[in-house]
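As a plain string of letters, each chain reads:
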Amino acid sequence: MANIHDYLYWRGDIPLDAQPLNEVDGLVLTRFAYMPFEDIKFGPEETIGTLCEKLKKLPQEKFRIEGDGPFVQLLSDADRFTSMPVTDFVKDFDEDIVIQFAAITIHLPDDSLYISYCGTDSTLVGWKEDFYMSFMEDVPAQKKALEYAVHICETYGGKPFRLGGHSKGGNLAIYTAVNLPDQWKDKLQHVSNFDGPGFPHAYIKSHDFAGVNDRLDTFIPEESMIGRIHEHPEGFKVVDSTERGIMQHDVFSWSIEPKKMALLAKPDDTSEITYRAIQNMLTNTTPEQRKNYIDRIFDLLMSTDGNSFGEAFRNLPMKFGDVFREAQELTGEEHKEGLKVTAKVVESFVDAALSYHEEKLPDFRDLLDKFKL
């Protein structure tokens, strides 16, 4: 099946005045936010085309995933996009307050704007902030995303605009749409969430999702895991993918047709079980338990001096003594509490599988009983 690389090759020469912006274009513009702009110098009048020429000079290891290098090459030849001005690149990374945030603004030919939020990068801080979404309302990146959008609206005189993002970036886009001041919410045309987490039920009930629901589109792959965290009052569309499991989160695996995503009727069993398991876990643990559990795990990972999961595990053999001492410093009560939460995580997945398949799993039940305290 074709992906967005093929889309850029097929339709990159078709101007927007001939074929208006579509959902695949939105996927292209949101992926563009992931590019390593921090490694190039922004000039005063940059476009997608000029930035691609600079990005093409970077080594492959500067890009987040394998598909990004070819993506930049194809995008640099796509007249549909190359003349679009790009402004207001922002990147904010702070380990102490647990924030990883990046965004750009793309100026479309119809004098509207596309605000594109970057999703989670490979850093431990970025992933830790994602996990914090399980117990916090208004994580730092969400607040930053809203501030950024309001700043863009004020800077460019209230032009009509769209919001989009992949992974955490999709969650940031919807969070921003829901929390925008009314004067800017009226200028909002559309929001695209590509496999980003949803929101807790209580948060949905206490915020104005109804006021923007008709402008929200969420796309998840068939075996989505990230996109099944929390709830989506806007609903979602299921995209075919050439990968399996968590690798379906990679948008370069998503199948597309000439003007739209290649859709399926519903998610598969894996995605449904993941959703139920996460809901079970959120019900059976307190926010404080989840925060303490997440902090302990990431403190141990960060003690390896690694900035990403890959670096942490590569450094683990050399830093094993430090990691072991960190673990030993846990009190008996902290250790016991960690085991309780671990047991609840395991139990959540077993119960989700049981409820979904309506069958008995005695071996898993026996194993689970050994975890219970």
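Predicted, not measured: the structure shown is a model, and the values here were computed from it.

**Q** Please provide a residue-by-residue account of the pairing of strand β6 (residues 216-221), values included.
**A** When you tally the buried positions in β6, you get five out of six residues, the bulk of the element. Relative to β6, strand β5 (residues 188-194) is paired through four bridges, and the arrangement is parallel. In the strand pairing of β6, serine 192 is matched with aspartate 217.

**Q** Summarise the nonpolar core; cite the residues concerned and give the values.
**A** Phe32, Ile48, Phe71, Phe81 and Ile106 are the most contacted members of the largest nonpolar core, which totals 42 residues. Where this core is concerned, the elements lending two or more residues are α1 (4-11), α2 (23-32), α3 (48-55), α4 (68-75) and β2 (99-107). At five residues, the largest contribution of residues to this core is made by α2. Not counting residues up to four positions away in its chain, the partners in contact with phenylalanine 32 are Phe37, Ile48, Leu51, Cys52, Leu55, Phe71, Leu75, Val86, Ile104 and Ile106.

**Q** An account of the side chain of arginine 31 is requested, with residue identities and associated values reported.
**A** The residue arginine 31 is located in helix α2 in this model. Arginine 31 has contacts with Arg64, Ile65, Asp68, Phe71, His166, Val251 and Phe252, leaving out every residue within four places of it along the chain.

**Q** Quick rundown of the pattern of salt bridges? Include the residues and the values.
**A** Any two side chains of opposite charge can pair if their charged atoms end up close together. Tallied over the full model, the rule gives 13 salt bridges. Close ionic contact of lysine 185 with aspartate 208 constitutes a salt bridge, the shortest N to O distance being 3.6 Å. With lysine 185 in helix α9 (residues 182-185) and aspartate 208 in the loop between α10 (201-206) and β6, this residue pair connects regions lying 23 residues apart in the sequence. Judged by relative accessible area, which is 7%, lysine 185 ranks as buried. Here aspartate 208 falls in the partly exposed class, since its relative accessible area comes to 38%. A salt bridge links arginine 244 to glutamate 223; the nearest nitrogen and oxygen atoms lie 2.4 Å apart. You can see arginine 244 sitting in the loop between β7 (237-239) and β8 (263-264) and its partner glutamate 223 sitting in the loop between β6 and β7, a full 21 residues away along the chain. The exposure class of glutamate 223 is buried, given its relative accessible area of 5%.

**Q** Can you explain α4? Please cite residues and give values.
**A** Those residues of α4 not exposed but buried are Asp68, Gly69, Phe71, Val72 and Leu75. The buried residues of α4 occupy an angular sector of 160 degrees when projected down its axis, which confines them to one face. Those residues of α4 hidden inside the fold are in contact with α1, α2, α3 and α5 (79-82).

**Q** Go over unusual backbone geometry, please, and point to the residues and values.
**A** Even without glycine at this site, aspartate 111 takes up a positive phi of about 70 degrees. Tracing the backbone shows aspartate 111 in the loop between β2 and β3 (113-117). A relative accessible area of 45% means that aspartate 111 is categorised as partly exposed. For histidine 230, which is not glycine, the phi dihedral falls at a positive 70 degrees.

**Q** Kindly report on α3, identifying the contributing residues and their values.
**A** Taken residue by residue, α3 has Ile48, Gly49, Leu51, Cys52 and Leu55 as its buried positions. Axial view of α3: buried residues confined to an arc of 165 degrees, hence all on one face.

**Q** I'd love a proper account of the side chain of histidine 232, names of residues and values included.
**A** Note that histidine 232 resides in the loop between β6 and β7. Residue histidine 232 is classed as buried on the basis of its relative accessible area, which comes to 13%. Here the side chain of histidine 232 touches glycine 227 through a polar contact of 2.6 Å, landing on its backbone oxygen. Separated by 2.9 Å, the side chains of histidine 232 and glutamate 234 make a polar contact.

**Q** Would you mind going over the pairing of strand β4 (residues 161-166) in detail, with residue names and values included?
**A** Burial runs high along β4: six of the six residues are buried. As defined by bridge partners, β3 adjoins β4 across five bridges and the pair is classed as parallel. Looking at β4, one finds that leucine 113 is bridged to phenylalanine 161.

The rules behind each value
Residues numbered from 1 in each chain as written. Predicted model: local features only at pLDDT ≥ 70, side-chain atom pairs only at ≥ 80, totals over all residues. Heavy atoms only, no water. Buried < 20%, exposed > 50% of the residue type's maximum accessible area, 1.4 Å probe, protein only. Helix = DSSP H or I, 4+ residues; strand = E, 2+ residues; numbered from the N terminus. Pairing = 2+ DSSP bridges. Core = buried A, V, L, I, M, F, W, Y, C linked by side-chain atoms within 4.5 Å. Contact = heavy atoms within 4.5 Å. Salt bridge = Lys/Arg side-chain N within 4 Å of Asp/Glu carboxyl O. Arc of directions from axis to C-beta. Polar contact = N/O pair within 3.5 Å; in protein donor to acceptor, adjacent residues only side chain to side chain.

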